[in-house]
Amino acid sequence: MPENKFKQQIANCTAEAFKVILPELFREKADLYLFDSVWLYEKIEVPKKPDMGNFALPLFEIAKQIGKNPVEVNKILTRAENKFVAEHEEYAHLSFSAAGGFNNARIKTEALAEETLPQILELDEDYGSSEEGKGEKIVIDFSSPNIAKPFGVGHLRTTALGHSLYRIFDKLGYKSVGINHLGDWGTQFGKMIVAFRKWGRHDDLKNDAVLKLYDLYVKYHKEEEKDPVLADEARAAFKKLEMGEHDEAHLWNLFKEVSLDAFKETYKMLGIHFDYYTGESFYNDKMPAVVERLKKAGLTRISQDALIVDLDRFGLPPCIISKADGATLYATRDITGVLYRWETFRFRKALYVVGTAQRDHFKQVFKVIELLEEAENVPPEKRCSQNLEHIEFGWIKFNDKTMSTRKGNIILLDDVIEKAITLAREKIIEKNPDLDTIEQTARQIGIGAVLFADMSARRMKDINFDWDVVLNFEGETGPYLQYTHARLASLLRIYGKDVPVDINYSLLNRSEEHRVIDLLYKFPEVITDAARDYEPYLIGSYLLDLAGAFNKVYQRKDETGRIDKIISDDAELTSARMALVKAVKIVIQEGLYLMGIEAPDEM
RNA sequence: GCCCCCGUAGCUCAGAGGAUAGAGCAGUGGUUUCCUAAACCAUUGGCCGCAGGUUCGACUCCUGCCGGGGGUACCA
C-alpha cells in the first residue's frame, strides 16, 4: 500500500491535539491508541461528499471510550488541531473543522497540486506505477475459448477482465504472464470429426471457417438426437485422436489452425497479447506422471470404477482424476496445468479468470494441489497451493437467459464489435467529418464502448446483454472518457507550447479544480485497490469521476455567466491550468490503457 | 435437500459499519455567435427484497424467510 502523505500528517496533528486536550490521560497512558498516529491513520476515512473535506475521522467510538460527548470532543479537538497547525510551518496547508461527530480535514489545493502535478508531468505514463511486484510473476489464465466454436459475447468477460488484470499487475511491477488455455481437447472433437466427415467440405475451411464448423456442430447435435449411433462414432473418433491416429489428428489440427487464425484476429482487434497459447491438449503427455504422483502420495482411491480424490471432509464432491473408462477429465488437466506452471514460472500468484459456474471445480483442483504438497512434505516456502486464485465472475445473459452455444441463442463478439464501430463511424462523420483517421478512431471508440460496458460492474454481477447499453456513447461509457480525453488533447494542441512544470499552483484555487487535483492524487491508490480486489471496474468508475470533475472545470461559468475558459489572455493562469489539463490527460489515457482501451487524441 | 452468488430509483449500476443512500440511462426544463454539446446545469423519481438481532450508529455485520441464478461424481 502506498502511504498517503497527507493522511499521515493529519493523523499526526490529531494525535498531538489529543495530547493537548487530554493532558492527564496522556500523562497516565501515553501509549493509548488515540495518541498513536499509526492507529489514527487507519481510522481516518474519506468523507462521503467531496465538499466535506479530503479526510475525516469519526469520533463516536473514541468519545464513548473516554466517556465524553463526541460533538463536544470534536469542538475542542478541532481548536487544538488548528492551533497545532498554526504553530507548525510544515502543517500549514491543513485545516480542520468539526461537523457533528466528524473531525474533517482539508488540504489546501495549492499543496495538493504542488505534490501531485509535477509528479504526473514528470513521470507521464509511469505515474501510479510501482515496484511492489518486482521480480515476481503473476500467471493469468484467461479468455480460453473452445476451438471450432465462434467467439461469443459470453466469452468477452474473461477476455476483458484477464487482459485488464494483466496490465494492472504489470503496472505494479509484476511480470504478468498471459496464458490462453484453449479448449482444444475432449469428446467434442470426436463429434466435430464425425460431423465434418459426414457433411463438411474442405472448401468450408477457407472463409468463415469457424462459423461453418459451428454450423456442423449444431447440425451434429440435432442429428444425434435422432440417431444415437452418432455418439458412438464420435467416441470412437476421439479415441483414435487420443491414440494419435493420423487422419483424426490431421483434421483436429486443421480445426485448431483455422480457429486460432480467427481468434488471433479478434485479439489483434482488441489489442490483446498472450504469452502462451497452451491449451488443454498441451497437457496430454504430462498427465500420466501427475496421476502417478497423486497415487503415490496416497490421495486417490477407486470409487464406482473411477479414480478419485475424496474431498468429502472438505465439503466438496470427489475430484475425478480418471473416468471409469480410463480417460482423463478437465480436472486432471487443470491439476497438471497448475503443477506445470508452478515448475515453469514459480509464480507469486496464478489467477484463473473463469466464470462462477466453475467455482467448485477450482476449489477441488486447488484442494488436491494442497493435499499433494502436504503429502509430499514440500517445504512451506516451496508450496504454490496458497497462491492459486479463481477470479470468478457472473454470467452474460440475453433476455435474462444464459447464452448457450448449443441452442443457438449466442451473440457473436465480432458482430457486436462491428456494430459498435459502424455506429462510431456514423457519429464521427456527423460531428467531425474532416477527421483524417476516421476508420482508426471509429475502431477505437467502438471497441472502447464494448470493453467498458463489459467492465462497468463488479465481477460477481450477472450482466444482461443489451444492445442499447453497449451501443450507447453517452453518460457513463467508454466513449465519454475518450471524448474527454480528446478534449484535453485538443486543448494541448491549441495551446501549442510545452506545458511548464514550475507554475503558480495557488492559481488553481477553484473548488472544481480542487476536486480534480484530489482525484489525480488518488490514482495510484485506485490501481492497488483494483489489483487487490481483482476488480478493473474500480478504475473505470474512478475515471468517470475524474472525467466528470474535469468537465465541470471545462464548463465552469464565472459570475457573469460566461464560460471561464482554460486558455485565456492571462499567461500565468493559462499555464497553471494547462498543467492540470496535461495531468488529467495522462491519467485518463493511462487508466483507459489499464482497461485495455485506447484513447484517441481526436474524435 | 445441501452449498455459493445476486436482490438499492422505471432501467443499468455505485456505496460494504458512520454524515441528508449517490451516478448514468430514460422523462422534463435549460446552456453553444463554438478551448469538440459524445458535454454541462437544473428537475422528477427510494419501506436499500421481508422480519428479527448485534451496535452509540446497519443499505453494509449475524439469524431466519422470500424471489432470481449457479453448483451439487465421470461435460468444460
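Presented here is a report on the structure given in the accompanying data block. (Residues numbered from 1 in each chain as written. Chains lettered and ligands numbered in written order. Predicted model: local features only at pLDDT ≥ 70, side-chain atom pairs only at ≥ 80, totals over all residues. Heavy atoms only, no water.)

1. Some remarks on the protein's contact with RNA strand B
Around RNA strand B, a shell composed of 61 residues is seen, among which Lys-64, Phe-102, Lys-431, Tyr-483 and Lys-565 lie nearest. Protein-adjacent atoms of RNA strand B, using a 4 Å cutoff, are sugar or phosphate at a proportion of 62%. Contact between RNA strand B and Gln-555: a sugar or linking oxygen at 2.7 Å from a side-chain N or O atom of the residue. Ranked by the residues each element gives to the surface near RNA strand B, the list is headed by helix H18 (residues 478-495), at seven residues. Here the residues of the surface near RNA strand B sort into 32 nonpolar, nine polar and 20 charged. (Near = heavy atom within 4 Å. Polar contact = N/O pair within 3.5 Å; in protein donor to acceptor, adjacent residues only side chain to side chain. Helix = DSSP H or I, 4+ residues; strand = E, 2+ residues; numbered from the N terminus. Nonpolar A, V, L, I, M, F, W, Y, C, P; charged D, E, K, R; others polar.)

2. Structural notes on the sheet that holds strand E3 (residues 102-107)
Read across the sheet, three strands follow the order E1-E3-E2 without closing on themselves; strand pairing throughout is antiparallel. Two strands in the sheet have a free side with no partner beyond their single neighbour: strand E1 (55-58) and strand E2 (94-99). Here the average twist between neighbouring strands, direction ignored, is 20 degrees. Pairing between E2 and E3: six bridges, direction antiparallel. The residue bridging Ser-95 from the neighbouring strand is Arg-106, located in E3. The strands touched by helix H5 (residues 70-87) are E2 and E3; relative to E2, the strand with the most contacts, the crossing angle is about 170 degrees. (Pairing = 2+ DSSP bridges. Axes fitted to C-alpha atoms, helices over the stretch in contact; angles between N-to-C directions. Contact = heavy atoms within 4.5 Å.)

3. Examining the packing of helix H9 (residues 209-226) against helix H10 (residues 229-242)
Between H9 and H10, whose axes approach to 7 Å, the crossing angle comes to 125 degrees. The angle between the axes of H9 and H10 places the two elements in the oblique class. Residues Tyr-220, Glu-223 and Glu-224 of H9 form the contact with H10, whose own contacting residues are Leu-230, Ala-231 and Ala-234. Its residues assigned to classes, the contact of H9 with H10 shows four nonpolar, no polar and two charged. (Parallel < 35°, antiparallel > 145°, perpendicular 65-115°, else oblique.)

4. Some points on the sheet that holds strand E9 (residues 349-353)
One open sheet accounts for four strands, arranged E5-E4-E9-E10; its pairing is parallel. Both edges of this open sheet fall to strand E5 (175-179) and strand E10 (388-391), since each of them pairs with a single strand only. Each neighbouring strand pair of the sheet contributes to a mean axis angle of 20 degrees, computed without reference to strand direction. The strands touched by helix H7 (residues 156-171) within the sheet are strand E4 (137-141), E5, E9 and E10, with E5 carrying the most contacts at an inclination of about 160 degrees. In this fold helix H13 (residues 330-345) packs onto E4, E5, E9 and E10, with an angle of close to 150 degrees to the strand it touches most, E4.

5. Some details on the packing of aromatic side chains
Enumeration over the complete set of coordinates arrives at 28 aromatic pairs. Where Tyr-352 meets Phe-362, the ring centres are 5.1 Å apart and the plane angle is 40 degrees; that geometry is what we call tilted. Within this pair, whereas Tyr-352 is found in strand E9, its partner Phe-362 is found in helix H14 (residues 359-375), the two being separated by 10 residues in sequence. Across the pair, Phe-362 and Tyr-352 agree in class, each one buried. Relative to Phe-366, the ring of Tyr-352 lies with its centre 5.8 Å away and its plane at 50 degrees, an arrangement referred to as tilted. (Phe/Tyr/Trp six-rings, centres within 6.5 Å; stacked < 30°, edge-to-face > 60°. Buried < 20%, exposed > 50% of the residue type's maximum accessible area, 1.4 Å probe, protein only.)

None of the figures reported here should be taken as evidence of function without further support.
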